[in-house]
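Structural overview for review
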There are 2 protein chains.
Amino acid sequence: MNNNQQIVFNKVPEGMPQDDTFKYEDTEVIEPSGHEVQLKTLYISVDPYMRGRMTNVDSYVNPFKQGEPFNGHIVTKVLKSNANEFQEGDIVVGMLPWKKINTVNSQQVNKVPSTDVPLYLYLSVLGMPGQTAYHGLLNIGEPQEGETVVVSAASGAVGSVVGQIAKIKGCKVVGIAGGDKKVSYLTEELNFDGGIDYKKDNFAQALREAVPNGIDVYYENVGGEIGDEVFKHLNTHARIPVCGAISSYNHPEKDIGTRIQGTLIKKQAMMRGFLVAEFADDFKNASEQLAKWVQEGKIKTEVSIEEGFDRVPKAFRNLLTGDNFGKQVIKVADD
Amino acid sequence: MNNNQQIVFNKVPEGMPQDDTFKYEDTEVIEPSGHEVQLKTLYISVDPYMRGRMTNVDSYVNPFKQGEPFNGHIVTKVLKSNANEFQEGDIVVGMLPWKKINTVNSQQVNKVPSTDVPLYLYLSVLGMPGQTAYHGLLNIGEPQEGETVVVSAASGAVGSVVGQIAKIKGCKVVGIAGGDKKVSYLTEELNFDGGIDYKKDNFAQALREAVPNGIDVYYENVGGEIGDEVFKHLNTHARIPVCGAISSYNHPEKDIGTRIQGTLIKKQAMMRGFLVAEFADDFKNASEQLAKWVQEGKIKTEVSIEEGFDRVPKAFRNLLTGDNFGKQVIKVADD
């Protein structure tokens, strides 16, 4: 029976992904066999790094395959289980194809530790973005009490957690975001010490004034001209965890600017790109710590929820333009 | 008595330093008092980093002061000593003004461990360039046996030592240099596994063919388009000690190229700028190890010697154009 639906990688986009990047297809619901579970998709995560996978060349993660479904982190509910460790009704997360109903080996998913929190948190602070924030900041940035930490895309799923962890660690935190609403959120809701609007003409001046003691850690999410401006204020022995470069995702060939070598020497600074998977051995510890901070109210989160499986492409595009606010998820079904 | 001479920083150069960057002045010979020593300059070192000091803005080391003598590493002979720890005839090195005869506090200089080697080696492999090679490669690059190490400005005072240490550590080593003579030197004299001429049209292709297993460590001395080309071949978890960016020293404002963030993420790579002074605690160990390797014939060095105090400006400019070969020193007097 073709009463299932999936979203297939139809065409490699040039620049911003278009409608024809995505193709909706009817597909079968498959009965679980062996150690399989059948899962109903509840929430789909869209994340900026996915743009890098929409290519037919070597990318920093495996490219999506044309003609096959996209995949990403999804929160699901077990409809049927053929595996001992899961039961009907369990809430599980995993890296799964964009289908309304998936049937996969039980090893591909993990049960959520608690269902007392909104389930979409497992796609943000209690999921991959939270881990990305945690490990990039603490293991690469190594912020010390009293230091100045700057984070770009600061109201986003990763950036907002980076800044809040840095506050917990006793740092002065300045966030960069686009638009009044996001910037106010940083200082008024998240208690950042400063918020800078990169869309304003006075961005360079506002940034300079916000970091009178220079910058010790710059958590890089956007690259481009924003990054160039931040680099002017690095302190000696600054650390730059490089998580993303959203500004260039649609046009990497146009990502031209001042080369960084001179600045790195001058400041004896360190820049390191990373993928969160490097830190898999420490995911469990980080999860527990993040859950504790959320429970204690030390980490707040914001979410943009689009409703309906048909809204996935739009929600993804909102990420790349900065039109969303906080973590972007798509609610596909009630749990 | 004005029978001494010094070279003063006369004018901030635009681009390549010109004749009027340097000004020769007669000056006094000063008698040592207190804990001072009077020193006859034997060998003056000129090094690419000095271009960065010829500025009136914030630089990565203290800028030279206009109207005052340049300074740098110099090998000298003690003419008169008012300090217990030195005697007439001792050979000492230090960071000293460019004068024929210096009179300084004895704490500014150190006795060389041995005079059985050519004294100019204390300005190359047994001096600051050797330390720079050693710490940048071993402490930041952390090369492992069997890995591929690429070094630019590979026939120079730093690069040649980097490559030879990497060979000692069991790495495959590819050097980048300009011109047949330098490239032949790398493979025929220093036993590098490959030498690439960046001045040739086929540079990109030759580099690609020379690193079939990719690049694990890139010791960066030059930056610019050479660096851009090297970055295309980085392996996952590559390390890039950034020692210099010679290509941009004369025109830092024109140092424009592809931003590095995307590559660093894709390769989970680390780039770190450094100054050798960071590793001062380990200088002694490194000196002993380097001296041992030189004695065992495991590290060879090449030197370009200009003769005469009047040749300093020319020798310095040769560095920036690549017209010298190996470590550039100026012999000012016989010992």
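Here's what I pulled together on the structure shown here. Just so you know, these numbers come straight off a predicted model, no measurement behind them.

Comments concerning the state of the cysteines
In protein chemistry, a disulfide is the covalent bond that joins the sulfur atoms of two cysteines. Residue and element names in this part refer to chain B. This structure, assessed with the given rule, holds 0 disulfides over all chains. Here Cys243 stays unpaired: no disulfide links it, and the sulfur of Cys171, its closest cysteine neighbor, is 18 Å away. By relative accessible area, which is 16% here, Cys243 ends up buried.

Observations regarding the environment of A:Leu234
Residues and elements named next belong to chain A. Within the element layout of this structure, Leu234 appears in strand S12 (residues 234-242). Measuring from C-alpha to C-alpha, the distance between Leu234 and Gln131 comes to 25 Å, with 103 residues separating the pair along the chain. For Leu234, the residues in contact, after removing those within four places along its chain, are Ile215, Ile240, Thr263, Lys267 and Ala269.

Regarding unusual backbone geometry
For A:Glu142, which is not glycine, the phi torsion reads 45 degrees and is therefore positive. The phi dihedral of B:Asn191 falls on the positive side, at around 60 degrees, and the residue is not glycine. Here B:Asn191 is to be found in the loop between helix H4 (180-189) and strand S10 (194-197). Judged by its relative accessible area of 49%, B:Asn191 is partly exposed.

Here we look at the relation of the copies chain A and chain B
Mapping chain A onto chain B leaves a residual RMSD of 0.0 Å; the transformation is a rotation of 180 degrees accompanied by 0.0 Å of translation along its axis. Both copies are brought into coincidence by an operation consistent with a two-fold rotation axis. A share of 100% of the interface residues of chain A reappears at the interface of chain B, consistent with the copies meeting face to face through the same patch.

Points about the packing of aromatic side chains
Taken as a whole and judged by the stated rule, the model has 24 aromatic pairs over all chains. Aromatic pair A:Phe9 and A:Phe70: ring centres 5.4 Å apart, planes at 50 degrees, arrangement tilted. Of the two residues, A:Phe9 is situated in strand S1 (residues 4-9) and A:Phe70 in the loop between helix H1 (50-53) and strand S4 (71-81); the sequence distance between them amounts to 61 residues. You'll find A:Phe9 and A:Phe70 in the same group, each marked buried. Here the aromatic rings of B:Tyr219 and B:Phe274 are separated by 6.3 Å at their centres, their planes lie at 75 degrees, and the arrangement is edge-to-face. Separated by 55 residues along the polypeptide, B:Tyr219 in strand S11 (residues 215-219) and B:Phe274 in the loop between strand S14 (270-273) and helix H8 (283-295) bring together distant segments of the chain. Judged by relative accessible area, B:Tyr219 falls into the buried class, the value being 0%. Take B:Phe274: its relative accessible area is 2%, and that puts it in the buried class. Members of the aromatic cluster, each reached through a chain of ring pairs, are A:Phe9, A:Phe22, A:Phe64, A:Phe70 and A:Trp98.

Quick look at the sheet that holds strand S12 (residues 234-242) of chain B
Spatially, S10(A)-S9(A)-S8(A)-S11(A)-S12(A)-S14(A)-S14(B)-S12(B)-S11(B)-S8(B)-S9(B)-S10(B) is the arrangement adopted by the 12 strands of the open sheet, whose pairing is mixed. Both outer strands of the open sheet, strand S10 (194-197) of chain A together with S10 of chain B, are each paired with one neighbouring strand and no more. Mean inter-strand twist for the sheet, computed between neighbouring axes without regard to direction, equals 15 degrees. As paired elements, S11(B) and S12(B) share 2 bridges and run parallel to each other. What sits directly across from B:Val217, in S12(B), is B:Arg239.

A look at the packing of helix H2 (residues 128-141) of chain A against helix H8 (residues 283-295) of chain A
Geometrically, a packed helix pair is captured by the angle between its two axes and the distance between the axes. Residue and element names in this part refer to chain A. The N-to-C vectors of H2 and H8 enclose an angle of 105 degrees; their axes lie 10 Å apart at closest approach. Comparing their axes, H8 and H2 come out roughly perpendicular. Where H2 approaches H8, its residues Gly130, Gln131, Tyr134 and His135 are matched on the opposing element by Phe283, Ala286, Ser287, Gln289, Leu290 and Trp293. The residue makeup of the contact of H2 with H8, split by class, is 5 nonpolar, 5 polar and no charged.

Definitions and limits used
- Residues numbered from 1 in each chain as written.
- Chains lettered and ligands numbered in written order.
- Predicted model: local features only at pLDDT ≥ 70, side-chain atom pairs only at ≥ 80, totals over all residues.
- Heavy atoms only, no water.
- Disulfide = S-S within 2.5 Å.
- Buried < 20%, exposed > 50% of the residue type's maximum accessible area, 1.4 Å probe, protein only.
- Helix = DSSP H or I, 4+ residues; strand = E, 2+ residues; numbered from the N terminus.
- Contact = heavy atoms within 4.5 Å.
- Least-squares fit on C-alpha atoms with pLDDT ≥ 70 in both.
- Phe/Tyr/Trp six-rings, centres within 6.5 Å; stacked < 30°, edge-to-face > 60°.
- Pairing = 2+ DSSP bridges.
- Axes fitted to C-alpha atoms, helices over the stretch in contact; angles between N-to-C directions.
- Parallel < 35°, antiparallel > 145°, perpendicular 65-115°, else oblique.
- Nonpolar A, V, L, I, M, F, W, Y, C, P; charged D, E, K, R; others polar.

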